[in-house]
Amino acid sequence: MQPHDKLFTPGPVEVSAKTMAAFSRPMIGHRGGAFKNLYRDIHPRLQALFYTGQPVFLSTTSAWGVMEGSIRNLAGRSVLCCMCGAFSDKWLDVARRCGKDAEPLQVEWGKHIYPKELDRALASGKFDTVTLIHNETSTGVMNPLPEICCTLAKYPDVVLILDTVSSFSAMKIDMDALGIDVMLTGSQKALALPPGFSLFSVSEKAFSRAEKQKDRGYYLDFLEFKKQQEGWMTPTTPSIGHIFALQSKLEDIFEEGLDARYNRHQRTNALVHDWVQNAGFDFFAEENFRSKTLTCVANNKNIDVLAMAKALREKHHLVIDPGYGKRRGKTFRLSNMGDETEETVSHLLACLDDVLR
Ligand SMILES: Cc1ncc(COP(=O)(O)O)c(C=O)c1O
């Protein structure tokens, strides 16, 4: 491959040459035996990564397709949107644009969702659907999923739609044990695939809800996905290149081993955390609720973040994110997702030291 600027942004991330080679394999038809064999081959490993016995679906949309599709398939009475950053905030807007009655459960950016507040809101009996982002990529906050799922278990008529876009495959998220109804992720984060593709799984409870739902549409109708998956197909022509790339990535993931993979993300994340503290920066996300896959650094030293990111790109061919939306320049984000190792993350941190000097 030509020398290129390497992405340490919290998605998209660097895609390996092996994955890119799989992505560009010669095409196959999506209704033939070769495709069915491909889907059949990857499915048990996808179920293992989702920790589910439910079918796992392949969606040729970015994550927002499934996020919006989940609302269309499931939201009946009213949606409660847990909001703690740019992506979770936007879900309220998306639910309302789908014509649903939706209300916020909002905390300040940098804070996590409080299970007690969720409990209070659900006790009103108004809501039948909850949206939650496990790892809010804009702020670097990881929400307390087991505690939140414990609260939700008190409300069996409520379905939980969980976005694991920036945490999936970097840590264990046990869909079935936690009682998650829709769990979705995107391709371009910890899976280190090209962007534009997503994966999701749906509980029996959520399928029953979808059956009663009018206006599910077609492209993202969960029941169409279910029917087609039973014959190892997708409702419409999928991005076959992504599925070849996914097959190759699953080989890498299971060769490394799930625990080893999760531990690697922990270790590279700890390296970034040490660097933040040694360099005299603060964390934007509150303590005990920090992501394991990216770090949102608070610019308490008032450096010129954009100049730092530019120098890093020009001098070292490394790309970081200079803060999301309204936090641009006031924070910056460093990713340790995907294939990164202690060696590559240490290199990033040394280059950051160099441009900050
Ligand atoms: C947590 C989270 N959810 C949703 C999205 C939206 O993903 P996409 O733009 O790929 O649809 C992102 C993208 O960064 C994200 O980080």
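The structure under discussion appears in the preceding block.
Report follows, based on the coordinates. (Residues numbered from 1 in each chain as written. Predicted model: local features only at pLDDT ≥ 70, side-chain atom pairs only at ≥ 80, totals over all residues. Heavy atoms only, no water.)

A closer look at the nonpolar core
Here comes step 1: Of all hydrophobic cores here, the largest spans 81 residues; its most connected members are Leu58, Leu118, Leu122, Val130, Ile180, Leu184 and Leu199.
Here comes step 2: Beyond its immediate chain neighbours, meaning those up to four positions away, Ile180 contacts Leu145, Cys149, Leu160, Leu162, Ile173, Asp174, Met175 and Ser203.
Here comes step 3: If you look at the next biggest cluster of nonpolar residues, it comprises 22 residues, including Val272, Val297, Ile320 and Leu334. (Core = buried A, V, L, I, M, F, W, Y, C linked by side-chain atoms within 4.5 Å. Buried < 20%, exposed > 50% of the residue type's maximum accessible area, 1.4 Å probe, protein only. Contact = heavy atoms within 4.5 Å.)

Re unusual backbone geometry
Here comes step 1: Cis rather than trans, the peptide bond between Gly11 and Pro12 has omega equal to -10°.
Here comes step 2: As for its placement among the helices and strands, Pro12 is situated in the loop between strand S1 (6-7) and helix H1 (17-23).
Here comes step 3: In this structure, Ala192 is a non-glycine residue whose phi angle is positive, near 55°.
Here comes step 4: Tracing the backbone through its elements, the reader meets Ala192 in the loop between strand S9 (182-186) and strand S10 (198-202).
Here comes step 5: The class for Ala192 is buried, based on a relative accessible area of 0%.
Here comes step 6: For His317, which is not glycine, the phi dihedral falls at a positive 60°.
Here comes step 7: By relative accessible area, His317 is classed as partly exposed at 42%. (Helix = DSSP H or I, 4+ residues; strand = E, 2+ residues; numbered from the N terminus.)

Some words on the site of the ligand
Here comes step 1: Close to the ligand lie Ser62, Ala63, Trp64, Met67, Phe87, Ile133, Asn135, Thr137, Asp163, Val165, Gln188 and Lys189.
Here comes step 2: Side-chain polar atom of Ser62 to an oxygen atom of the ligand: 2.6 Å apart, as the coordinates give it.
Here comes step 3: Measuring from an oxygen atom of the ligand, one finds a side-chain N or O atom of Thr137 at 2.5 Å.
Here comes step 4: Taken by itself the ligand offers 390 Å² of open surface, and the protein chains cover 86% of this.
Here comes step 5: Examining the composition of the shell around the ligand, we find that three residues originate from one element, helix H3 (residues 63-74), more than from any other.
Here comes step 6: Taken together, the residues that form the shell around the ligand break down as six nonpolar, four polar and two charged. (Near = heavy atom within 4 Å. Polar contact = N/O pair within 3.5 Å; in protein donor to acceptor, adjacent residues only side chain to side chain. Areas by Shrake-Rupley, 256 points an atom, 1.4 Å probe, with all protein chains shown as cover. Nonpolar A, V, L, I, M, F, W, Y, C, P; charged D, E, K, R; others polar.)

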